[in-house]
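Residue strings, one per chain:
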Amino acid sequence: MDGLLPELEVVRKDFPILTRTLAGGHPLVYLDSANTSQKPQVVVDTMVDHLERHNANIARAMHQLGAEATEAFEGARDEVASFIGAPSRDEVIFTRNASEALNLVANTLAWARGPLEIGEGDEVLITEMEHHSNIVPWQLLSERTGATLRWFGLTDDGHLDLSAVDDLVTERTKVVSFTWVSNMLGTINPVAELTRRAHEVGALVVVDASQAAPQLPIDLAAMPEEERPDFLAFTGHKAVGPTGIGVLWGRRAALEALPPFLGGGEMIETVRMERSTYAGIPHKFEAGTPPIVEAVGLGAALEYLGHLGMENVHRHERAITGYALEGLATVPGLRVLGPLDPAQRGGAIAFEIDGVHPHDVAQVLDSRGIAVRAGHHCAKPAHARYGVQSTTRASSYLYTTPAEIDALVDGLEYTRSYFGLKGS
Amino acid sequence: MDLDSLYQEIILDHYKNPHGKGLREPYEAEVHHVNPTCGDEVTLRVHLTEGVVEDISYDAVGCSISQASTSVLIDLLVGKRLEDALAVHESFLALMQGRGTVQPDEDVLEDGIAFAGVAKFPARVKCALLSWMAWKDATAQALEGEKA
């Protein structure tokens, strides 16, 4: 098959968990990477080495271990900056996850006074295909500021309905926040086009890159400024890194204009009892001891992806997704939600099967060692848009093989027969 | 993992032909319960007369386990005196929360014993309990309303 990662079998050996067998002696077929990805040995080893040899608090300890820990943590920041092509390393802020990164922006915007202040008559624009973590923070912001929340609807084939763009993006629009790649429909959204439109009316643009960062090459510095978002959020654990660490990248001027998020140690310049002054970015937004070893692990993860080459990872994902879409099309009564062209989508494929509920699909697949997700995937509005309550979602990644897709398709045939559904 | 211990024939039968489905009048309380992790939903009404569970009616979307357990709930509770129904409820709850260690009493739970296998699948226990929790809630609200 064209497009697969070169030496896929060697790459798979980097991921110890992929050799596991599950109940009944079934080898693991892990198709839940949009939920969380598996971790290569180098990430595990880097984190263990850090804890075994270099552990200390960062930026405050005046000893050798403190210096080593600080260097490792700040080295991870450099790695993130280079992975997304950040114009400046200081624009990279570590958070706990993508949700915290998005909440950081939404909260500080709600508190902002002056040019970034949001109030009644202003509008915040999102889309109907967002993960709950890119809906709820904006609902909260709207409730707190009196702004109006609006959203792009979706077309029947799983794209943003851009026909309403002139009505939705106006001089009242203060923030436009949308996902780069949908975690449910898989759709890849036109970041450059939407960002340009939003910038024309002076709105800030926030992009949820939780599904994009693991799959697509990102080079912020290479984007023309008018097409470059103002904020970009992603989480480490979907990009072969550990849980507990996320990233918010923000344009320097925007970050500097926002008030602090959490108050505490490390985010200050000086503290007197009456009031404090704050550190510059990125530390202004990193109160308290951060997830140090998690950041170090994320640095190793992104370095690993860099060695594979994100162009290669993307090509692999596209080839496997195309193969999966072909395979799924052979299963009677199966309907995929979202675009059917692998060039327009990421590797998460949500589908329904007539007569079998997604939980039951996932349960039967699990009994054969195949891990998928069933439910609403934290995207209830997108499910409601297509009149479905829940779906089964299979999501591949750089280590997924065509044979695993075959196992999925066979498992779905078996599921149908288990629930007494006859062939087409 | 033994699929057949989860998907007992009785469960699949109830799933395909659920008993008592639909929302009916009269009723004293209506509740809407959701399983937030998966999105399964049930709207459930109770009708009580003089300490008897006269009717339970519902509209639900969800997996085979949640739909079948609702159907079994109707079979087991409708027509019973409230205190007997609550005892059955307690017995079903104990079975589901027993991690597969509780031996079900067929005289009390009838078709409900088919859910013994579900208790061994922690992720599915909530599915089986969705409508049972909804019934308990609706009943409590109905009794509250009587007092008021």
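Note that this is a predicted model, so its numbers are computed, not measured.

Participant: Help me out: how do you make sense of the overall build of chain B in this one?
Facilitator: Assigned secondary structure in chain B consists of 6 helices and 3 strands. Listing the helices and strands of chain B from first to last along the sequence gives α-α-β-β-β-α-α-α-α. Whereas a compact globule of 148 residues would reach a radius of gyration of roughly 15 Å, chain B reaches 15 Å, a difference of no more than 12%. Its C-alpha atoms give chain B principal-axis dimensions of about 50 × 30 × 25 Å. Going through the 148 residues of chain B one by one, you find that 39% of them count as buried. Of all intrachain contacts in chain B linking residues separated by at least 6 positions in sequence, the fraction that spans at least 24 positions is 62%.

Participant: Which parts of the structure should I look at to understand the sheet that holds strand S2 (residues 41-49) of chain B?
Facilitator: Strands belonging to one sheet form pairs held by backbone hydrogen bonds; the direction of such a pair is parallel or antiparallel. Residue and element names in this part refer to chain B. Overall, antiparallel pairing links the 3 strands, which are arranged S1-S2-S3 in an open sheet. Taken across any chain shown, the strands that pair with only one partner, and hence form the sheet edges, are strand S1 (29-34) and strand S3 (52-61). The mean angle between the axes of side-by-side strands here comes to 20°, regardless of whether they run parallel or antiparallel. Here helix H3 (residues 64-77) sits on the sheet in contact with S2 and S3, set at roughly 170° to S3.

Participant: What is the right way to read the interface of chain A and chain B from this model?
Facilitator: The interface is formed by 15 residues belonging to chain A together with 11 residues belonging to chain B. Where the side of chain A that touches chain B is concerned, the elements lending two or more residues are helix H12 (358-366) and strand S16 (373-375) of chain A. Per-element tally for the side of chain A that touches chain B: the top contributor is H12 of chain A, with 5 residues. Here the side of chain A that touches chain B is built from residues that sort into 3 nonpolar, 9 polar and 3 charged.

Participant: Help me understand unusual backbone geometry in this model?
Facilitator: Keep in mind that most residues, glycine aside, have a negative phi and that most peptide bonds are trans. For the bond from Ile281 of chain A to Pro282 of chain A, the omega torsion is 5°, close enough to zero to count as cis. Checked against the element boundaries, Pro282 of chain A lands in the loop between strand S12 (276-278) and helix H10 (292-308). In this structure, Pro26 of chain B follows Glu25 of chain B across a cis peptide bond, with omega equal to -10°. Its location among the elements puts Pro26 of chain B in the loop between helix H2 (9-16) and S1. Of note in this structure, Glu7 of chain A is not a glycine but carries a positive phi near 55°. Unusually for a residue other than glycine, Cys378 of chain A sits at a positive phi of about 55°.

Participant: Looking at this structure, how should I read the packing of helix H4 (residues 82-96) of chain B against helix H6 (residues 122-147) of chain B?
Facilitator: The angle between the axes and the distance between the axes are what describe a pair of packed helices. All names here are of chain B. The N-to-C vectors of H4 and H6 enclose an angle of 160°; their axes lie 11 Å apart at closest approach. The angle between H4 and H6 places the two elements in the roughly antiparallel class. Handedness of the H4/H6 crossing: left-handed. Here His89, Phe92, Leu93 and Met96 of H4 come into contact with H6, specifically with Val125, Ala128, Leu129, Trp132 and Lys136. The residue inventory of the contact of H4 with H6, partitioned by class, reads 7 nonpolar, 1 polar and 1 charged.

Participant: Looking at this structure, how should I read the domain arrangement of chain A?
Facilitator: How large an interface is tends to be reported as the accessible area lost when its parts come together. All names here are of chain A. The domain architecture assigned to chain A consists of domain 1 (8-30 + 309-418) and domain 2 (44-306). Relative to domain 2, the C-alpha centre of domain 1 lies at a distance of 28 Å. Listing elements by their share of the side of domain 1 that touches domain 2, those giving two or more residues are helix H11 (310-329), strand S14 (348-353) and helix H13 (380-385). Taken together, the residues of the side of domain 1 that touches domain 2 sort by class into 11 nonpolar, 6 polar and 5 charged.

About the criteria used
Residues numbered from 1 in each chain as written. Chains lettered and ligands numbered in written order. Predicted model: local features only at pLDDT ≥ 70, side-chain atom pairs only at ≥ 80, totals over all residues. Helix = DSSP H or I, 4+ residues; strand = E, 2+ residues; numbered from the N terminus. Rg over C-alpha atoms; globule rule 2.2 N^0.38 Å. Buried ≥ 20, exposed ≤ 12 C-beta atoms within 10 Å, placed from the backbone. Contact = placed C-beta atoms within 7 Å. Pairing = 2+ DSSP bridges. Axes fitted to C-alpha atoms, helices over the stretch in contact; angles between N-to-C directions. Nonpolar A, V, L, I, M, F, W, Y, C, P; charged D, E, K, R; others polar. Parallel < 35°, antiparallel > 145°, perpendicular 65-115°, else oblique. Left-handed = near helix turned anticlockwise from the far one by under 90°. Domains from an automatic or database assignment.

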